[in-house]
Structure formats: C-alpha cells, structure tokens
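# Summary of the model geometry
If you want the building blocks of each chain, they are given just below.
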Amino acid sequence: MTGLPFQQSTIALTPRQNRALALAGVFQATQLTHMTALGGRQGMGDSGQFYFEQLIKASLNIRPTHNSQQTLDFFHQLSDLSLGLKSFENCLNQPFNTAPKSRLPKLANTKLPMSYAMALLHLEKKVYQNPEFVKIIEQSQQKILKQLSFFDHNYSHPSIIANLAQTYVETAGSINPRIMVRGNAEAFKDVAHTNRIRASLFTGLQMAHLWRQVGGSSWNLIFLGKRKLVRDIQDLARLQYQTAT
C-alpha cells in the first residue's frame, strides 16, 4: 500500500513560493502544537482539526524517495494551509519583545510556534541523515495507511494519532536537545493530549522535510530575508483568494 495517489497541482508556483508554502506547513503544525498544549482538542477547535487532518494526510506521503518539487502535490488546495500561512506571517511581523512590561498580548502565540518551527527544521536534518530513523518513519507510514482502511479513513482516530506520536518519539523525540512544549501542566497528564501534541510535531517534521525537498536550506532561509518571505506569503494568500472565486 503506497498511500493516497499524488495529484499534480494545477496551480503553478515558483520555486520560492513552493518553499514558502512548505514552511507554512511547518508553522501550521507548530501553531496546532501550541493550541493543543494550551487547551487540548478544545483549544484546537473544529477548524484546527481540519488543518490538522490535512497535515496528517500529507505527512503519510512525504518520503525521501518521492522528492516532489511541488508542495501542493500533497494537498487538495492552497486553503488547506491557510492557518500556516497566517501563523507564519504573524511570526515574521511581530517583534519578540520579552520585556516584562511588553504590551503585546499575543506574544506567546508567535514566539512559541516560531521556536518550535526552528527546532523542527534543525531536527529534520538530523532525522533524515539517520537511515534507522528513516526506516522507522517509512514503516510507520505503511502501517498507518493500512490501519486507515479499518477506521473508515478517519485520520483523527486515537490509534492513528498514537502511532504518529510514537513515530515522533522514536525519531526526532529521541534527539537532544528535545523540543520542550509549554502549556497546561494538568492536561499533559492525559495521554491523548500528549499524543496529539507529538503527532502535530511529527507532521511538522515531515513538512520540514518537504521544505528541504523543494530546495529549502538554512542558508537560503537566512539570506532571503523577512521582507521577501512576507511578500511570498502575501502572494500565496492572494492566489488562494483568486482560486477560490
């Protein structure tokens, strides 16, 4: 079983837009991680659940052997990554002022997803340089794709989420320094809660790998500059609106 068939996107994106969209996928995953850590599934909400499922579907098909050049090959439409585009834009536009008297009430909403995203981009390289980790991920993908047929393709089934979480634990979660997710301490005692956080991080790891496949690198991320990244995100947002009308 090889997973969902790849669909060739009818929207032609530039290489830079493909990289920006893949990065938006990373930020969608880390924003969902943050929302879940604060309030569990209720914190994510129904719309968050939709965006989470789109990432799960994509993460099961992102593999080193595919090496796609189009981020949208893994999604139905640009709007599947709307949350990531907005989160990415917010992270780029809002300053990280950590002073105690800061008047930025949404500071943590950008600072934490940004820190998780940067950590995932760093961990992805270490994970995919390790053949054993790659083997674990690919075996897990095949296992989950088989399971889906038994669960009526319910991507949010607890068993699917648990397997994604375990895959993260056995790969990126075993590399130090580990990502320390901040949130509701009481809620972290709930296994289902922590599974959803780890599953979200796994989808972010996979989107980071897709970013690298479409040409992303630490060097071009640094040299591209915030202004160009914001422009790419805004161009994608306009394109999303045009294709929806």
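Here we take up the overall build of the chain. On a plain count of helices and strands, the chain comes out with eight helices and zero strands. For the chain, the sequential pattern of α-helices and β-strands runs α-α-α-α-α-α-α-α. The buried share among the 245 residues of the chain stands at 49%. The contacts of the chain with a sequence gap of at least 6 include a subset with a gap of at least 24, amounting to 79%. For the chain, the exposed area adds up to about 12100 Å²; of that, 54% sits on carbon and sulfur atoms.

Side-chain pairs of opposite charge can arise whenever the charged atoms involved come near each other. With the rule as written, the count across this model stands at four salt bridges. Between Glu186 and Lys189 there is a salt bridge; the shortest N-O distance is 3.4 Å. The partner of Arg238 in a salt bridge is Asp235, and the shortest N-O contact between them spans 2.4 Å. Pair noted here: Arg238 and Asp235 are both in helix H8 (residues 226-244), with a separation of three residues, about one helical turn. The exposure class assigned to Asp235 is partly exposed, which follows from its relative accessible area of 25%.

So, on to helix H6 (residues 191-213). Between its first and last C-alpha, H6 extends 33 Å over 23 residues, near the 33 Å set by a 1.5 Å rise per residue. N-capping of H6 is provided by Asp190, with a side-chain oxygen placed 3.0 Å from the backbone N of Ala192. After H6 finishes, the residue Gly215 shows a positive phi value of roughly 105°.

Applying the stated rule across the entire model yields one cavity of 30 Å³ or more. In this structure, the largest cavity encloses a volume near 50 Å³. Looking at the largest cavity, the residues that line it are Arg16, Arg19, Ala20, Leu23, Trp211, Asn220, Leu221, Leu224, Leu229 and Asp232. Every element with two or more residues in the lining of the largest cavity is listed here: helix H1 (15-59), helix H7 (218-224) and H8. Here the element with the most residues in the lining of the largest cavity is H1; it accounts for four residues. By residue class, the composition of the lining of the largest cavity is six nonpolar, one polar and three charged.

Okay, the layout of surface pockets next. Taken as a whole, the largest pocket spans an internal volume of roughly 310 Å³. Every residue lining the largest pocket is counted, 13 residues in all, and those nearest its centre are Tyr168, Ile179, Val181, Arg198 and Leu201. Within the residue set of the lining of the largest pocket, elements represented by two or more residues are helix H5 (158-170) and H6. The element contributing the most residues to the lining of the largest pocket is H6, with four residues. Its residues assigned to classes, the lining of the largest pocket shows nine nonpolar, two polar and two charged.

Between two aromatic rings, the relevant description is the distance of the centres plus the angle of the planes. Tallying each qualifying case throughout the model produces two aromatic pairs. Aromatic pair Phe50 and Tyr51: ring centres 5.2 Å apart, planes at 70°, arrangement edge-to-face.

The next thing to look at is the packing of helix H4 (residues 131-150) against H5. Contact geometry for H4 and H5: axes closest at 10 Å, N-to-C directions at 175°. As judged from the angle between their axes, H4 and H5 are roughly antiparallel. Along its contact with H4, which presents Phe133, Ile136, Ile137, Ser140, Lys143, Ile144, Gln147 and Leu148, the element H5 presents Ser159, Ile160, Asn163, Leu164, Thr167 and Glu170. When the residues that make up the contact of H4 with H5 are grouped by side-chain class, the tally is seven nonpolar, five polar and two charged.

Glancing now at the confidence of the model for the chain. Per-residue pLDDT for the chain averages 85, and the proportion of residues at 70 or more is 84%. At the low end of the mean pLDDT range in the chain sits H7, at 72; at the high end sits H5, at 97.

About the criteria used
- Residues numbered from 1 in each chain as written.
- Predicted model: local features only at pLDDT ≥ 70, side-chain atom pairs only at ≥ 80, totals over all residues.
- Heavy atoms only, no water.
- Helix = DSSP H or I, 4+ residues; strand = E, 2+ residues; numbered from the N terminus.
- Buried < 20%, exposed > 50% of the residue type's maximum accessible area, 1.4 Å probe, protein only.
- Contact = heavy atoms within 4.5 Å.
- Areas by Shrake-Rupley, 256 points an atom, 1.4 Å probe, with all protein chains shown as cover.
- Salt bridge = Lys/Arg side-chain N within 4 Å of Asp/Glu carboxyl O.
- Expected span 1.5 Å × (residues − 1).
- Polar contact = N/O pair within 3.5 Å; in protein donor to acceptor, adjacent residues only side chain to side chain.
- 1 Å grid on protein atoms, 1.4 Å probe; cavity = no way out; pocket = protein on both sides within 12 Å on 5 of 7 lines; lining within 4 Å.
- Points joined across faces, edges and corners; volume = space filled by probe spheres on them.
- Nonpolar A, V, L, I, M, F, W, Y, C, P; charged D, E, K, R; others polar.
- Phe/Tyr/Trp six-rings, centres within 6.5 Å; stacked < 30°, edge-to-face > 60°.
- Axes fitted to C-alpha atoms, helices over the stretch in contact; angles between N-to-C directions.
- Parallel < 35°, antiparallel > 145°, perpendicular 65-115°, else oblique.
- pLDDT = per-residue confidence, 0-100.

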